[in-house]
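Commentary on secondary and tertiary structure
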Amino acid sequence: MRFAIGQSAPRVEDLRLLTGRGRFTDDLGLPGQAHACLVRSPHPHARIEAVDTTAAARAPGVLAIITGADVVPDGLGPLPTFGSTLPGLRRADGEPLFVPPWWPLATERVRFVGEGVAMVVAETAAAARDAADRVEVEYTPLPAVATIGEAVRPGAPVVWDDCPDNVAFEFRNGDAAAVERAFARAAHVERAIIPITRVCANPLEPLAVLAEFDPLEERYTLRTGNQMPHLLRRFLAQDVLRVPESRIRVVSPDMGGSFGLRASPFPEIALALWAARHLGRPVKLVVERGEMMTAIDQAREVHYTVELALDADGTFLALRLDGLAALGAYLTFFGPFPAFGNLGGLAGPYRTPAIHARVRGVLSHTGPTSPYRGAGRPEASLAIEQVIDRAARAMGIDRIELRRRNLIAPSQMPFQTGLNFRYDSGEFEAVLDAALTLADHAGFEARRAEARGRGRLRGMGVAMTVEASAGMLDEAADIRLDPGGDAVVHMGTHSHGQGHETVFRQLVAERLGLDFERIRYVQGDTDLVAYGVGTGGSRASGLGGAALSGAVDRLIEQARKVAAHLLEVADEDVEHAAGEFRVAGTDRRVSLDEVARAAHHPALRGRGIEGGLRGHATFTPPGPTFPNGCHLCEVEVDPDTGEIVVLGYWVVEDVGTVLNPRLLRGQLQGGIAQGLGQVLQERMVFDADGQPLTGSFMDYAMPRADQVPGAVIETHPVPTPTNPLGVKGAGEAGTVGAIACVTSAIADALAPLGVTTLDMPATPHRVWEAIRRAR
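Residues numbered from 1 in each chain as written. Predicted model: local features only at pLDDT ≥ 70, side-chain atom pairs only at ≥ 80, totals over all residues. Heavy atoms only, no water.

1. Details of the overall build of the protein
For clarity, the cut-off: The numbering of helices and of strands both runs from the N terminus, where a helix is a DSSP run of H or I of at least 4 residues and a strand a run of E of at least 2. For the exposure calls, accessible area comes from a 1.4 Å probe over protein chains only, and a residue counts as buried if that area is under 20% of its type's maximum, exposed if over 50%, partly exposed in between. Calculation of accessible area relied on Shrake-Rupley with a 1.4 Å probe; when residues are assessed, cover is drawn exclusively from the protein chains displayed. The charge count includes Lys and Arg as positive and Asp and Glu as negative, but it does not include His or the ends of the chains. The atom standing in for a charge is NZ when the residue is Lys, CZ when it is Arg, CG when it is Asp and CD when it is Glu.
Check the secondary structure of the protein and you find 21 helices and 28 strands. Burial status across the protein gives 61% buried among its 775 residues. By element, 50% of the accessible surface of the protein is carried by carbon and sulfur atoms, the whole surface being about 28,600 Å². The average position of the 77 basic charges and that of the 95 acidic charges among the side chains of the protein differ by 1 Å.

In structure tokens:
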């Protein structure tokens, strides 16, 4: 069959997206719509003394000017965080997690540059922006703290009076006593301090919102790019608008990437919905790129101290980590999750028997943070891989050999790690060997010597990773056949670049024998898709695919009854294969098209058989899956300028069953580019007072095409038993491995000069300075 599971079907959605026919929120419009713009704080911390809207109200085209004094008394609630529902998140004194009240507009104080103080609604976007410039806000600046290291020092400026130490929670995991005993008997202890920079997600389309309110139905419709439309509806209904979920419809169109950023409600969403109801007109709000980079959620920024205990032979005895994780001034819905949710990745593919981690979630006068591709997985993998590399150098053991000595064997599966993960499958040494062969690791020293002869420093990085994926919540799918036998698939997941429209068509095509052109795909509309969770954590193919497979099973069972009636046999005598129903052991058969036609006709389908053909299913996993891989990277450094060139990148991934190799390669390549960008140049920079200095692409360096090599990618699939398709997930694997791998390669290149530490990003200036210091 053309484009069955396992084949590299071309992406169906590319015809739309690459010819300029994508439908992004900013492309949408409604009759009579107004436009909104926020007035944002220029201060990282200040008291609001007065807001004067007199001049702005007189500006041409202004319809309304909204402040916190308008929306809070009217019942608009604060933005929620799921961390408040987790009993394990507590402060050091045992008190519950500190959750600051995040109102859609600031009322008494502002706590980061870009926080909304007022919103102007006008006839046009230009008029709204012009009027916003006329709103006069009187501030009294207050002391601010911008970095997590400074925020936890005694005497640091306090972000919230009710949290005087600026630590919203402290999370501990693992057996601290066992770790202490192991360290006491260790022959060698290696320690690494690993600061990881704050970055910006930068999706193709900045945040855009189109809100409307129907006064007859008393119902809101929200159009905005969001990777979890059903959860967004729930957050808005329960916590912000405080109305029944049935009163809200969420439509999520094309959005050009999300990476975890678009999984939370934003203040702009709540404000646009509120304004649409009060003005009786649709309200559109489109955030500009500069606002997106400074005022909308950022990501990462952690500071780890990690220690590895080894015996004299290099066997890992224990690992411990102490970390700080940035939350910003407020807690976004999933904001606390990266700090603790994926710490299990510290175990990697190794047998380390005892692990303990403590991470503190730290508040500061900076924008809030959200998950970003990997959501704590790349940070955990970087920590374990960096300290292994350092231990290998210190002990005089080849770093590949040190890893090999400690790998979990397939015969040890299922394997309980020293933290909370229980691996169900994996062949880690086979993955390592395949990656070494793919990258010609045996020939690297000759290539290093050749580069040395040209005055260049060459290094090879290695990273072995295991991540947890697809383990949270359930997922749903629905499939229906019309009287002509064409299918409509409704998915609770949401594609924003991954290729769901293609891969889920492949699954249906294989199971039902339908051509791609006869399958319609629907997502992202809570009125059309009855139930779903959404996309995140590499969950879509495993959970969504399993749900769709179950829905197809139910449709086939319903169709079997109709086919049995048409063939005049018992249901159990009918077999289904490749779009046909046949009587077992005979050549009597009917096509799926004939069955679909009969199912929609009362006189043809038989008495007592439900009309139409439909299958609906949900899938709840028994636990997470564990994608794993080995990444190798080769770099060359010019010691005179500090410039780094990435010469090659090789990866072998075990993502379980591969549904579409082409889509898999795209996911891995994109993730690698994002990881490489963070290591080499991406960084949100604040001055000592909390002012962001990287508020545009003139200052914030995104990776360019000539910096990102085409990765050589192979797979070593070991299907997981946790879902019927055997899929482990791949959406974040590229980034999870790339940050550790590229960092390892740079360290390997600089090690001969005695450079032992280099904080990311490894810009040419930083590399040049490190080389000068070492010399």
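2. Let's talk about the sheet that holds strand β18 (residues 457-466)
Rule in force here: Only when DSSP finds a minimum of two bridges between them are two strands counted as paired. Every axis corresponds to a line fitted to the C-alpha atoms, with the helix fit spanning only the stretch in contact, and the corresponding angles, defined between N-to-C directions, vary from 0 to 180 degrees. Two residues qualify as a contact provided that any one of their heavy atoms is within 4.5 Å of a heavy atom in the partner residue.
Read across the sheet, 4 strands follow the order β18-β26-β27-β28 without closing on themselves; strand pairing throughout is mixed. On the outer flanks of this sheet lie β18 and β28 (712-715), each paired with one strand and no other. Ignoring which end each strand starts from, the neighbouring axes of this sheet average 10° apart. Where β18 meets strand β26 (residues 628-637), 10 bridges bridge the pair, whose relative direction is antiparallel. Looking at β26, one finds that Gly461 is bridged to Cys633. Of the strands in this sheet, β18 and β26 touch helix α14 (residues 444-453), which is tilted by about 145° from β18. On the sheet, helix α19 (residues 661-680) packs against β27 (644-654) and β28 and is oriented at approximately 135° with respect to β27.

3. Some words on the layout of surface pockets
Filter applied, for reference: Every definition here rests on a 1 Å grid over the protein atoms only: cavities are sets of points where a 1.4 Å probe fits but cannot get out, pockets are open sets enclosed by protein on both sides within 12 Å along at least five of seven lines, and lining residues have some atom within 4 Å of a point. Grid points are joined across faces, edges and corners, and a volume is the space filled by probe spheres set on the points. Under the scheme applied, nonpolar residues are Ala, Val, Leu, Ile, Met, Phe, Trp, Tyr, Cys and Pro; charged residues are Asp, Glu, Lys and Arg; polar residues are all the others, including Gly.
In this model, the second largest pocket occupies a volume close to 580 Å³. Forming the walls of the second largest pocket are 24 residues, and the residues nearest its centre are Gln386, Arg390, Thr756, Thr757 and Leu758. Mapped onto the lining of the second largest pocket, the elements with two or more residues apiece are β8 (188-199), α11 (377-395) and α20 (733-750). At 6 residues, β8 tops the list of elements feeding residues into the lining of the second largest pocket. A class-by-class count of the residues in the lining of the second largest pocket yields 14 nonpolar, 4 polar and 6 charged.

4. Thoughts on the sheet that holds strand β11 (residues 248-251)
Across the sheet, which stays open at both edges, the 7 strands sit in the order β3-β5-β1-β12-β9-β10-β11 with mixed pairing between neighbours. Two strands in the sheet have a free side with no partner beyond their single neighbour: β3 (62-67) and β11. Strand-to-strand twist of the sheet, defined as the mean angle between neighbouring strand axes without regard to direction, takes the value 20°. Sheet topology places strand β9 (residues 208-214) next to strand β12 (residues 283-286); 4 bridges connect them, and they run antiparallel. From the neighbouring strand, Ala211 faces β12, where its bridge partner is Val283. Sheet strands in contact with helix α4 (residues 125-132) are β1 (34-40), β3, β5 (116-122) and β12, and its direction is about 25° off that of β1. Each of β1, β3, β5, β9, β10 (219-224) and β12 is contacted by helix α8 (residues 267-279), which is oriented at about 35° to β9, the strand it contacts most.

5. Side note on helix α21 (residues 764-774)
Note that an α-helix has 3.6 residues per turn; residues three or four places apart therefore point the same way. Where we set the bar: Arc definition: directions from the helix axis to the C-beta atoms.
Here α21 has its buried residues at Val767, Ala770 and Ile771. Viewed along the axis of α21, the buried residues span an arc of 100°, placing them on a single side of the element. Buried-residue contacts for α21 involve β18, β26, β27 and α20.

6. Observations regarding the environment of Ala551
For Ala551, the position within the fold is in helix α16 (residues 540-567). Along the backbone, Ala551 and Gly534 are 17 residues apart, and their C-alpha atoms lie at a distance of 17 Å. Residues contacting Ala551, with those up to four places away along its chain left out, are Ala477, Asp478, Ile479, Gly615, His616 and Ala617.

7. What to know about the pattern of salt bridges
The condition is simple: Basic side-chain nitrogens of Lys or Arg form a salt bridge, by our definition, when they fall within 4 Å of a carboxyl oxygen of Asp or Glu.
One pass over the full model with this rule turns up 59 salt bridges. Between Glu212 and Arg223 there is a salt bridge whose closest N-O contact spans 2.7 Å. Of this pair, Glu212 sits in strand β9 while Arg223 sits in strand β10, and the two are 11 residues apart along the sequence. Overall, the relative accessible area of 15% leaves Arg223 in the buried class. When the shortest N-O distance is used, the salt bridge between Arg582 and Glu580 registers 3.1 Å. Of the residues examined, Glu580 reaches a relative accessible area of 25% and is grouped as partly exposed. Several salt bridges share partner residues, and in doing so they unite Glu385, Asp389, Arg399, Arg403, Glu445, Arg448 and Asp748 into one network.

8. Brief notes about the state of the cysteines
To keep it simple, the criterion reads: Two cysteine sulfurs form a disulfide in these notes if their separation is within 2.5 Å.
Within this structure, the stated rule accounts for 0 disulfides. Residue Cys37 stays outside any disulfide, its sulfur separated by 18 Å from that of Cys200, the closest cysteine. Sulfur of Cys630: no disulfide; nearest cysteine sulfur belongs to Cys741 and is 7.7 Å away. You can call Cys630 buried: its relative accessible area is 0%.

9. Side note on the pairing of strand β19 (residues 475-481)
Judged by how many residues are buried, β19 sits mostly within the fold: 6 of 7 residues are covered. As defined by bridge partners, β19 adjoins strand β20 (residues 487-491) across 5 bridges and the pair is classed as antiparallel. Note that in β20 the partner of Asp478 across the bridge is His490.

10. Considerations on unusual backbone geometry
Of note, the bond from Met413 into Pro414 is cis; its omega dihedral lies within 30 degrees of zero at -5°. As for its position among the elements, Pro414 is in the loop between α12 (399-406) and β16 (415-416). Phi is positive for Asn202, close to 55°, though the residue is something other than glycine. Among the structural elements, Asn202 can be located in the loop between β8 and β9. On the basis of relative accessible area, Asn202 is assigned to the buried category, the value being 9%. Phi is positive for Ala470, which is not a glycine, with a value near 55°. Tracing the backbone through its elements, the reader meets Ala470 in the loop between β18 and β19. Residue Ala470 is classed as buried on the basis of its relative accessible area of 6%.

11. Thoughts on the environment of Arg111
Heads up, the condition is: Polar contact is the term for a pair of N or O atoms within 3.5 Å; when the atoms are in protein, one must be able to donate a hydrogen and the other to accept it, and sequence-neighboring residues count only if both atoms are side-chain atoms.
Here Arg111 lies in the loop between β4 (109-110) and β5. Between the C-alpha atoms of Arg111 and Leu241, which are 130 residues apart in sequence, the distance is 24 Å. The residues contacting Arg111, other than those within four sequence positions of it, are Pro44, His45, Val159, Trp160, Ala329, Tyr330, Ser364, His365 and Thr366. A distance of 2.9 Å separates the side chain of Arg111 from the backbone oxygen of Val159, its partner in a polar contact.

12. Side note on the packing of aromatic side chains
Stated precisely, the cut-off is as follows: Whether two aromatic rings pair depends on their centres lying within 6.5 Å, for rings of Phe, Tyr and Trp, where Trp uses its six-membered ring; planes under 30 degrees apart make the pair stacked, over 60 edge-to-face, and the rest tilted.
By the definition in use, this model includes 20 aromatic pairs. Ring geometry for Phe337 and Phe340: centres 5.8 Å apart, planes at 70°, overall edge-to-face. Here Phe337 pairs with Phe340, and both are found in helix α10 (residues 337-340), just 3 residues apart, close to one helical turn. Take Phe337 and Phe340: they sit in the same class, and that class is buried. Note on Phe421 and Phe626: the rings are 5.3 Å apart at their centroids and 55° apart in plane angle, and the pair reads as tilted.

13. Notes on the environment of Phe337
A relative accessible area of 15% means that Phe337 is categorised as buried. Sequence separation between Phe337 and Phe316 is 21 residues, and the spatial gap between their C-alpha atoms is 28 Å. If sequence neighbours within four positions are ignored, Phe337 has contacts with Phe82, Asn342, Ala375 and Met472.

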